Amino acid sequence: MPALSEVITALDSLWPRERAEQWDAVGTVCGDPDADVSRVLFAVDPVRQIAEEAVSLGAQLLVTHHPLYLRGTTTVAADTFKGRVVHTLIKHDIALHVAHTNADRADPGVSDALAGALGLRVLGPLVPDPDDPEGRRGLGRVCALDRPLTLGEFARQAAAALPITAQGVRTAGDPAGTIRTVAVCGGSGDGLFDAVRAADVDAYVTADLRHHPASEAREHSPLALLDAAHFATEWPWCEQAAAQLDALSDRYGWDLRTHVSRTVTDPWTAHAASSTDSTNTGAPN
Ligand SMILES: [Zn+2]
């Protein structure tokens, strides 16, 4: 059975901390380096429900994509929800480790997992890391479909492949338009539109697309947009990450069991589609 410090070293080899963005807060949040680890839970968000899931699973390590504390704090008192998470974890001898933007840019990274879930063939990074001589690491991925689909078909396929969320998948563009090439970025991707346009793809799949970047992208070119829930675009990474740790565990002869949380931690819980009949009294028509 490996010590936490050994498992953390393995995780750091997959997602080196120095490759995280400057503003990010990755690495180990709590945990005793000498403690034994036999069960590891992977999840997107370090929220109360996930901490409780780690407890009921009997895990000694929780690995999340999102940081618990992104900025400094002066308290982990349990009267804050983040402090409560820390208390729950420490009381049950569970460590928390975060791999965020270092997992985004990794090879394979968060967007590879998203591309895989969508059945796409990855051609390369959307924004390559300048310090990667092989040109495989970086933000987002440029991908190809094995056979062309209409935007409508591709959106339905994406909605069926990703975790169920209230939002589902929103699209912008001609539903009958042909999609052969796609850029993907797990998480909030509306800062990458210049790279998406330069990649000359038919569609862009990401999350958190705001009005102005989306509107401007649509005015600029016929690029189709697919906007999924942030959680849904990053959850596939959990399965990929667990499989990566399984492979390392086999190599080192560890008796380690990995689990992937199926809890949907997307904060949105319901979606009311606009009605198009006479009960709709909204002004624009
Ligand atoms: Zn995210």
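Computed from a predicted model, the values in this text were never measured in an experiment. (Residues numbered from 1 in each chain as written. Predicted model: local features only at pLDDT ≥ 70, side-chain atom pairs only at ≥ 80, totals over all residues.)

## Points about the sheet that holds strand β3 (residues 61-64)
Here is the rule we go by: Should DSSP find at least two bridges between two strands, the strands are taken to pair. Working definition: helices are DSSP H or I runs of at least four residues, strands are E runs of at least two. Numbering for both runs from the N terminus. To obtain each axis, a line is fitted to C-alpha atoms, and for helices this fit is confined to the stretch in contact; angles are then taken between N-to-C directions over 0 to 180 degrees.
Across the sheet, which stays open at both edges, the 5 strands sit in the order β1-β4-β3-β2-β11 with mixed pairing between neighbours. Of all the strands in the sheet, just β1 (27-30) and β11 (257-260) have a single pairing partner and so form its edges. Geometrically, the sheet is characterised by an average inter-axis angle of 25 degrees between neighbouring strands, direction not taken into account. One ladder, built from 4 bridges, connects strand β2 (residues 39-43) with β11; its direction is parallel.

## Considering the UniProt feature "binding site: a divalent metal cation" (unreviewed entry) in the protein chain
Defined as follows: UniProt positions are given in the numbering used here, feature names are shortened, and annotations may be inferred rather than shown by experiment. To sort residues by burial, count the other C-beta atoms lying within 10 Å of each one's C-beta; a count of 20 or more means buried, 12 or fewer means exposed, and anything in between means partly exposed. C-beta atoms are built from the backbone. It is the C-beta atoms, placed from the backbone, that decide contacts: two residues are in contact if theirs lie within 7 Å.
Per the UniProt record, the feature "binding site: a divalent metal cation" (unreviewed entry) sits at His65, His66, Asp104, His230 and Glu234. Considering the C-alpha atoms alone, the annotated residues occupy 170 residues of sequence yet fold into one spot, their largest mutual distance being 13.3 Å. Owing to 25 C-beta atoms within 10 Å, His65 belongs among the buried residues under this scheme. When residues no more than four places from it in sequence are discounted, the contact partners of His65 are Val44, Ala99, His100, Ala103, Glu234 and Trp237. Relative to the helices and strands, Asp104 is located in helix α4 (residues 101-104). Beyond its immediate sequence surroundings of up to four residues, Asp104 is in contact with Gly109, Val110, Leu139, Gly186 and Gly187.

## Focus: unusual backbone geometry
Excluding glycine, most residues fall at negative phi; most peptide bonds, likewise, are trans. With an omega of 0 degrees, the peptide bond between Asp107 and Pro108 qualifies as cis. Along the polypeptide, Pro108 turns up in the loop between α4 and α5 (110-117). At Asp200, a position not held by glycine, the phi torsion is positive, near 55 degrees. Of note, Asp200 is situated in the loop between α7 (193-199) and β9 (203-207). Even without a glycine there, the phi angle at Asp208 is positive, about 60 degrees. Looking at where Asp208 falls in the secondary structure, it is placed in the loop between β9 and α8 (211-220).

## Quick notes on α5
Here α5 lies mainly inside the structure; 8 of its 8 residues are buried. The complete set of buried residues in α5 reads Val110, Ser111, Asp112, Ala113, Leu114, Ala115, Gly116 and Ala117. On the buried face of α5, the contacting elements are α4, β5 (121-128), β6 (138-150), α6 (151-161), β8 (178-188) and α9 (230-252). Directly after α5, the chain includes Gly119, whose backbone phi takes a positive value near 70 degrees.

## Side note on the sheet that holds β6
One open sheet accounts for 6 strands, arranged β5-β6-β8-β9-β10-β7; its pairing is mixed. Edge positions in the open sheet fall to β5 and β7 (169-172), since each of these has one partner strand only. Averaged over all adjacent pairs, the angle separating strand axes in this sheet is 25 degrees, with direction ignored. Contacts between α5 and the sheet are confined to β5, β6 and β8, with β8 contributing the most and set at about 135 degrees to the helix. Lying over the sheet, α9 contacts β8, β9 and β10 (224-228), oriented at roughly 90 degrees with respect to β8.

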